[in-house]
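Survey of secondary and tertiary structure
Residue strings, one per chain:
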Amino acid sequence: MSSSDEVAGGKKTSWPELVGKSIEEAKKTILSDRPDVKTVEVIPVGTPVSEDLRLDRVRIFVGTVAEIPRIG
């Protein structure tokens, strides 16, 4: 954990190094770093979300087209 990582009570609270990684890799890393996290939500950017603070939840916001959209 680098000194720039946000921590609360010695536990990591953000993962800037995961920007650009696959969703599965991100989930695996988050759950490895924080086994106390019960829910990892994958949410499209711009989707309304509740503003409640849950210390057992991490939200991954996604919104990039990864491949050419095609009919078929």
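Heads up: the structure comes first, above all this text.
The structure displayed is predicted, hence computed values, not measured ones.

**Points about the pattern of salt bridges**
Overall, the coordinates contain seven salt bridges when judged by the stated rule. For Asp-36, the salt bridge identified is with Arg-34, shortest N-O distance 2.6 Å. Residue Arg-34 is classed as buried on the basis of its relative accessible area, which comes to 9%. The shortest N-O distance in the salt bridge between Glu-41 and Arg-59 comes to 3.0 Å. Placement of Glu-41 in strand S3 (residues 39-44) and of Arg-59 in strand S4 (residues 57-62) is noted, with a sequence separation of 18 residues between them. Sharing partners across several salt bridges, the network here consists of Lys-11, Arg-34 and Asp-36.

**Here we look at the nonpolar core**
Trp-15, Leu-18, Ala-26, Ile-30, Val-37, Val-40, Val-58 and Ile-60 form the largest nonpolar core, which has eight residues in total. Those elements giving two or more residues to this core turn out to be helix H1 (23-33) and S4. Excluding residues that lie within four positions of it along the chain, Ile-30 makes contacts with Trp-15, Leu-18, Val-40, Val-58 and Ile-60.

**Points about a nonpolar patch on the surface**
The grouping of Val-45, Val-49 and Phe-61 at the surface amounts to a nonpolar patch, some 270 Å² of accessible area in total. Structurally, the position occupied by Phe-61 is in strand S4.

**Notes on the environment of Glu-6**
Among the structural elements, Glu-6 can be located in the segment before strand S1 (7-8). Along the chain, Glu-6 and Arg-70 lie 64 residues apart, while their C-alpha atoms are 40 Å from each other. Excluding residues that lie within four positions of it along the chain, Glu-6 makes contacts with Lys-11, Lys-12, Thr-13 and Ser-14.

**Looking at the environment of Ile-30**
Structurally, Ile-30 is set in helix H1. Residue Ile-30 is classed as buried on the basis of its relative accessible area of 3%. Separated by 41 residues in the primary sequence, Ile-30 and Ile-71 have C-alpha atoms spaced 35 Å apart.

The rules behind the values
Residues numbered from 1 in each chain as written. Predicted model: local features only at pLDDT ≥ 70, side-chain atom pairs only at ≥ 80, totals over all residues. Heavy atoms only, no water. Salt bridge = Lys/Arg side-chain N within 4 Å of Asp/Glu carboxyl O. Buried < 20%, exposed > 50% of the residue type's maximum accessible area, 1.4 Å probe, protein only. Helix = DSSP H or I, 4+ residues; strand = E, 2+ residues; numbered from the N terminus. Core = buried A, V, L, I, M, F, W, Y, C linked by side-chain atoms within 4.5 Å. Contact = heavy atoms within 4.5 Å. Patch = residues over 30% accessible without salt bridge, like charges linked within 9 Å, V, L, I, M, F, W, Y side chains within 5 Å. Areas by Shrake-Rupley, 256 points an atom, 1.4 Å probe, with all protein chains shown as cover.

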